[in-house]
Amino acid sequence: MMSCEKRRVFGAGFVLLQGVVTAVFPQLSVKLAKKMIGKNFDNASDLEANPAYVRQLRAVGVGMVAAGGTTLLLDSPQETKSDSPEDGASDEGSTESST
């Protein structure tokens, strides 16, 4: 079973990859949407994406890249564990000086 940290890294990597694909190849997302709509509606293959929709898909892809990349860059568990002070190390000095 994967740990929570590994799942978070995997999820962030997946979002980053999906964002790159959506930003670079928005027509793939349009084809996927057509295919999904076509399961429930007739003549969905006749639909055409407006240029504004393609621009919006690219913007969503760039946002996904930013979110996934930021999560991968800022989530470094080794730093957070090693930077924390040892249990009671900072409290001992303050209690000794007050007595």
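What comes next concerns the included structure.

So, how was this worked out
Residues numbered from 1 in each chain as written. Predicted model: local features only at pLDDT ≥ 70, side-chain atom pairs only at ≥ 80, totals over all residues. Heavy atoms only, no water. Helix = DSSP H or I, 4+ residues; strand = E, 2+ residues; numbered from the N terminus. Buried < 20%, exposed > 50% of the residue type's maximum accessible area, 1.4 Å probe, protein only. Axes fitted to C-alpha atoms, helices over the stretch in contact; angles between N-to-C directions. Parallel < 35°, antiparallel > 145°, perpendicular 65-115°, else oblique. Contact = heavy atoms within 4.5 Å. Nonpolar A, V, L, I, M, F, W, Y, C, P; charged D, E, K, R; others polar. Patch = residues over 30% accessible without salt bridge, like charges linked within 9 Å, V, L, I, M, F, W, Y side chains within 5 Å. Areas by Shrake-Rupley, 256 points an atom, 1.4 Å probe, with all protein chains shown as cover. Salt bridge = Lys/Arg side-chain N within 4 Å of Asp/Glu carboxyl O.

Our next topic: unusual backbone geometry. Although it is not a glycine, Asn 43 adopts a positive phi angle of roughly 60°. Relative to the helices and strands, Asn 43 resides in the loop between α2 (26-38) and α3 (51-74). Of the residues examined, Asn 43 reaches a relative accessible area of 59% and is grouped as exposed.

A few words now on the packing of α2 against α3. Running from amino to carboxyl end, α2 crosses α3 at an angle of 110°, the nearest separation of the two axes being 9 Å. It follows that α2 is roughly perpendicular to α3 by the angle criterion. On the side of α2, the interface is formed by Pro 26, Gln 27, Ser 29, Val 30 and Ala 33, while α3 contributes Tyr 53, Val 54, Leu 57 and Arg 58. Here the contact of α2 with α3 is composed, by residue class, of 6 nonpolar, 2 polar and 1 charged.

Another aspect to go through is a nonpolar patch on the surface. A grouping of Leu 17, Val 20, Val 21, Val 24, Phe 25 and Leu 28 is seen on the molecular surface, where their side chains present a nonpolar patch of about 520 Å² in accessible area. Assignment of secondary structure puts Val 21 in helix α1 (residues 4-24).

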